[in-house]
Amino acid sequence: MTSALGKLKRWFTRKRPSPVSLGPPPALLERYLQYKRLLAANSAILTTVADLQVKMAEGFLFDMHYVRQACERLGQEVEVLVSSLNGMSEDRYAALDNARRRVAHLVAEELSGIKLKPAPLALPLAEIREDLFYGGKAEKLGELTRLGLAVPAGFGVSAYAQKLFFETAGLEKFIRQAIAHSHIRDLESLREAGEDIREKILGEPLPPELSQAIAAHLAALSSDRVAVRSSGLQEDAFFSFAGQFETVLNVPRDQVEQRYKEVIASQFTPRALYYCHTSGFSYQELAMGVLVMEMVPAKTAGVLYTDDPRGGAGAIINAVCGLGSLAVGGVVEPDVYRVEAGQVVARHVGEKTHMHVAAPAGGVLDVATPADLQGPCLGPEQVLALEELGRRVKEHFRSPQDIEWALTAAGEFYLLQARPLRVSRQLKADYLPPRIKEAEILLGNSIIASRGAAAGPVYVLENDNLADIPQGAVLVTPRALPEYGVVVGRVAAVVSEAGSATSHLATVLREARVPALFGAKGAASRLDPGREVTVDAYYGNIYAGRLEALLKVPREDDGGVRQTRAYKVLERTLKYITPLNLLDPRADNFRPDACRTYHDITRFAHEKAMEELFQLSAGRLYEDGARRLVSPIPLDLHIIDLGGGLSPEAADLALVRPEHLTSRPMLAYWRGVSAVGWQGPKPVDLAGFMSVVMSTATDTNVRERLHEKNFAIITHDYMNLSNRLGFHFATIEAFLGALEESYVSFNFYGGGAELPRRLRRIRFLTRVLEDLDFRVEPKEDSITARIDGYDAGTLEGKLEVLGRLMMVAKQLDMVMLSEDAVEQYYQEFSESHVQGR
Amino acid sequence: MGRILAVDDELDMLALLKMIIEGYSDHQVTVTNNPLEASELLDKENFDLILTDLKMPGMDGLEVLARARQRDPDALVMVITAYGSLESAEEATAKGAFDFITKPFRKEQILLSIDKAMRWREMVRQNREMKQLLEGK
């Protein structure tokens, strides 16, 4: 006993040696810096994800370059994120890097585009479907054939067949070389290269299996002449590399192979080669399917628009005598017929001075139109029959169509091609939802976290009780926590008082297209529970009642942006980026191997990083490098500044004062501490102290604990304070930064009294913390509590109250005699120390 | 109504521009992915407006701009620049570009910019005609 006392006495009264160095301990500093690096990456990732979502949802025009860049940026930041986490934790999360690689690989696959997979080399039209690489033209004709419409018999040769041909004949290599030798700045040299490539292609024989396939399918056709047409893999016609030989008419059977090669070869225009110079030769751009179809002995042919491209009413048909190759191109003036509501409402007979006919040797002849074919090409019944046919096609594809047709002498119509018709639209205010003038605005100027509008009854979330939210409610919450993502199927809209547009929850809501407003200050108090409101997440307002005008806004007309390749690729790629599966850190799936997306990885890493950071004060901390805080309050507090926590004047001081503190969280906490002050006995009264120790301590670790110093590891934005006050051992940690990064956590263990008293103390603390909006997990005689989702200013307020709380709790320690005492002291504390209640 | 030449080495962007402009206005768009070809096209036809990307391999937008203006000092050129490269957009404007737009952009933005350019051109033309009338007197 005496030796223990003696030791204690010596410990309290010995002279402390002067610190060797006042610089921050490298290990701690390194961990903190890694944490900051992780936060920066986290923020960059969420911002990029939000940007991608907005670009997709709000009618932006973007190209593959944008998509690739964004994905590359994301990949890099996720790499930094994961490496920072491992840097902080001595590589404890190697599994997370595996998850990262998995996802990165999937993203890269989507970006590299369609790979030509082995597919049947040739198929009859009726069997041609999507995903077999036959190209849009062939796929559409395949569909029309299966519908039973009159399409000439024929077959397609797949783009994969071209690839096979090129690979077998060494053409890929030849093409690459030709491109490499040409000069990008010289059009002439590009033309020459194209010529060389075309010649080479025409000179090479087709691989035997392809020849055989073509021959076999040709044999199934009955006409002795066919039409050979290109069917490119990229969607329609706004820009293609297609050259001269898009369509070759009237081909004798023994020339089909040669024409096939010509059509393929004609892709290599100067434009195509310019493209290959920078992007390389890829089958994605330069492989095409080819159609071979029976020649229709056309008496009349032309084009049918199922809608007026200028946006007017009715269908428009133009017609020429003979083959349809003269129908467009402005060389001959065609007949034009207009059909509205089943009537031919207009007719213009063109001067069809000449026409195309099939030449005996193959190909097409231009001849003067004989006299008996002058006059209208189509009679009214024929016009109507054709329009009816067009309507069926339009119904099937559910969009206006541009259709090539031919009419035989026997009076049969055939469909030769169908593609989407772009109809002119007006750039009207339809695109912007109406501004509501007359309605009552309950709350205005909130941040639009997820665009859209919805209505429903208000439901104010309490105690994070997500299970009770009624279907179709407008959820109102004080914070935008990622865990709330589970409400997605149930709510009409989300209104949160805090939270940013780049938060996890905002990302989830945007993906699910649930309208959401964040930063809606006062929403929880201003919106009455149960009241019907309309959330306008176009302009950031909440209106009383249900405003149909806003809700009826039709799906925005994007002008076809959603059909573009870049959009589709981004849509597919985002599947591996935005969905958040790891919503709740306490759930089973919060593990690296359960991470399916970059978003999952980001969430996981951030949560774990905070856990790792907390451990800063868990290891052995040394006085060396620490300063002592000297103040009216006799706390034995050692300060380790990792950067920015103390003012420059204190750089060389071993003893610092509160005025030297520049750490924002520490200052807030200290304000609370000093407000209450110290009213109890000083711990240097050893007799009283030791009697308390010996009579009440049941904790065998007490002796070591009494040797612990109080340490505060601080930076400008961070504080990790491990505190011993009497028999309370508390760790208070806080990071004050951007909204989604800020938090305060509080871990408390209390000893030094018999169990009932300790439990009462826990209950008192729990109640105060819950009032302060902390999430509290009380265990038997300890507490873990945490608050986040609020901005730094609000959290400073909480820290201040914590400072007060710690001072007050110490003094109440010995007087927690009964349950009533708990209630009493809770009320007292609430009234005197917790502002604004 | 107006004739527009669009030059961009990104195929998707070209297709989108043509689709959007022709879909929502009366203007006709000629497209090419090859800025060298653009020179040839400029020789063959008069365009009311030239839309060109800034960063292209072989010949960049500034050269296209220079050539267009060499041929016709009144040529209206609008440059398309990627987000984050405002300096090049500013340089282009200093060298005579009428306007610039940053991609990705919303379709309303490009349509309104084109509209603005076309109205400007019309105004310049009318101005010239009126001057000639006055001088002719």
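Treat the numbers as computed from the prediction; the structure is a model and nothing was measured.

Moving on to the overall build of chain B. Helices and strands together make up the secondary structure of chain B, namely five helices and six strands. Helices and strands in chain B line up, N terminus first, as β-α-β-α-β-α-β-α-β-β-α. Against the globule reference of 14 Å for 137 residues, chain B gives a C-alpha radius of gyration of 15 Å, in line with a compact fold. For chain B, the spread of C-alpha atoms along the principal axes amounts to about 50 × 30 × 30 Å. Split into buried and exposed, the 137 residues of chain B put 44% on the buried side. Counted over contacts in chain B with a minimum sequence separation of 6, partners at least 24 positions apart contribute 56%.

Turning our attention to the overall build of chain A. Per the secondary structure count, chain A includes 24 helices and 31 strands. A burial count over chain A gives 45% of its 837 residues as buried. Relative to all contacts within chain A whose residues are 6 or more apart in sequence, the contacts with residues 24 or more apart total 68%.

So, about the pairing of strand β22 (residues 541–544) of chain A. For a regular strand, side-chain orientation follows a simple rule: the groups alternate between the two sheet faces. All names here are of chain A. In this structure, strand β15 (residues 441–443) lies alongside β22, joined through two bridges in antiparallel fashion. Bridge pairing links L443 to I542 in β22. In this structure, strand β21 (residues 532–537) lies alongside β22, joined through four bridges in antiparallel fashion. By the bridge assignment for β22, D536 is matched with N541. Between the end of β21 and the start of β22, which pair antiparallel, lie three residues, with G540 showing a positive phi angle near 85 degrees.

Counting residues at the interface gives 32 residues for chain A and 32 residues for chain B. Counting residues per element, the ones that place at least two in the side of chain A that touches chain B are β1 (60–61), α3 (64–88), α11 (270–279) and α17 (565–574) of chain A. Sorting elements by how many residues they give to the side of chain A that touches chain B places α11 of chain A first, with six residues. Partitioning the side of chain A that touches chain B into residue classes produces 16 nonpolar, eight polar and eight charged.

Once that is clear, we can look at the domain arrangement of chain A. All names here are of chain A. Examined at the domain level, chain A breaks down into domain 1 (26–113 + 564–614), domain 2 (153–294), domain 3 (298–408), domain 4 (429–556) and domain 5 (620–833). Between the C-alpha centres of domain 1 and domain 4 there is a distance of 27 Å. Tallying the contact residues gives 15 residues for domain 1 and 15 residues for domain 4. For the side of domain 1 that touches domain 4, the leading source of residues is helix α2 (residues 26–57), giving six residues. For the side of domain 1 that touches domain 4, the class distribution of residues is seven nonpolar, five polar and three charged.

Another aspect to go through is α17 of chain A. Within α17 of chain A, burial applies to A566, Y567, V569, L570, T573 and L574 of chain A. Taken around the axis of α17 of chain A, the buried residues stretch over an arc of 165 degrees, which confines them to a single face.

All names here are of chain A. Among the nonpolar cores identified, the biggest contains 185 residues, and V474 and V495 are the most heavily contacted of them. In this structure, V474 is in contact with G456, P457, V458, Y459, V491, A492, A493, V495, V533 and V535, ignoring residues within four places of it in sequence. Counting residues in hydrophobic clusters, the runner-up holds 91 residues, among them I197, A265, C276 and A418.

Glancing now at helix α22 (residues 755–771) of chain A. Residue and element names in this part refer to chain A. Given a rise of 1.5 Å per residue, 17 residues ought to cover 24 Å, and the 25 Å separating the end C-alpha atoms of α22 matches this to within 8%. When we look at burial in α22, the residues that qualify are R757, R758, R760, R761, I762, F764, L765, V768 and L769. One or two positions beyond α22, positive phi appears at D773, with a value near 75 degrees.

Residues and elements named next belong to chain A. The buried fraction of strand β17 (residues 452–460) is high, at seven of nine residues. Where β17 lies against β21, six bridges are found, and the strand directions are antiparallel. Looking at β21, one finds that A454 is bridged to V535.

Once that is clear, we can look at the confidence of the model for chain B. Per-residue confidence for chain B gives a mean pLDDT of 89; residues scoring 70 or more make up 99%. Across the interfaces of the predicted complex, the ipTM metric reaches 0.87, alongside a pTM of 0.80.

Another aspect to go through is the sheet that holds strand β18 (residues 473–477) of chain A. All names here are of chain A. If you trace the eight strands from one edge of the open sheet to the other, you get β15-β22-β21-β17-β18-β19-β20-β16, paired in mixed fashion. Both edges of this open sheet fall to β15 and β16 (447–450), since each of them pairs with a single strand only. Each neighbouring strand pair of the sheet contributes to a mean axis angle of 35 degrees, computed without reference to strand direction. Across three bridges, the pairing between β17 and β18 is parallel. Looking at the pairing, Y459 lines up with L475 of β18. Sheet contacts for helix α14 (residues 504–512): β16, β19 (491–496) and β20 (516–518); angle to β16, the most-contacted strand, approximately 60 degrees.

To continue, consider the sheet that holds strand β5 (residues 99–103) of chain B. Two pairing modes exist for strands in a sheet, parallel and antiparallel, and in both the strands are linked by backbone hydrogen bonds. Residue and element names in this part refer to chain B. Overall, parallel pairing links the five strands, which are arranged β2-β1-β3-β4-β5 in an open sheet. The two strands at the open ends of the sheet, each matched to only one other strand, are β2 (28–32) and β5. Strand-to-strand twist across the sheet, computed as the mean angle between neighbouring axes with direction ignored, equals 20 degrees. As judged from the five bridges shared by strand β1 (residues 3–7) and β2, these two strands associate in the parallel manner. Note that in β2 the partner of L5 across the bridge is T30. Relative to β2, helix α1 (residues 11–24) is tilted by about 175 degrees, and along the sheet it contacts β1, β2 and β3 (49–53).

All names here are of chain A. Closest axis-to-axis distance for the α3/α17 pair is 9 Å, and the angle between their directions is 25 degrees. Taken together, the axes of α3 and α17 are roughly parallel relative to one another. Where α3 approaches α17, its residues M64, V67 and C71 are matched on the opposing element by R565, A566, V569, L570 and T573.

Calculation notes
Residues numbered from 1 in each chain as written. Chains lettered and ligands numbered in written order. Predicted model: local features only at pLDDT ≥ 70, side-chain atom pairs only at ≥ 80, totals over all residues. Helix = DSSP H or I, 4+ residues; strand = E, 2+ residues; numbered from the N terminus. Rg over C-alpha atoms; globule rule 2.2 N^0.38 Å. Buried ≥ 20, exposed ≤ 12 C-beta atoms within 10 Å, placed from the backbone. Contact = placed C-beta atoms within 7 Å. Pairing = 2+ DSSP bridges. Nonpolar A, V, L, I, M, F, W, Y, C, P; charged D, E, K, R; others polar. Domains from an automatic or database assignment. Arc of directions from axis to C-beta. Core = buried A, V, L, I, M, F, W, Y, C linked by C-beta atoms within 7 Å. Expected span 1.5 Å × (residues − 1). pLDDT = per-residue confidence, 0-100. Axes fitted to C-alpha atoms, helices over the stretch in contact; angles between N-to-C directions. Parallel < 35°, antiparallel > 145°, perpendicular 65-115°, else oblique.

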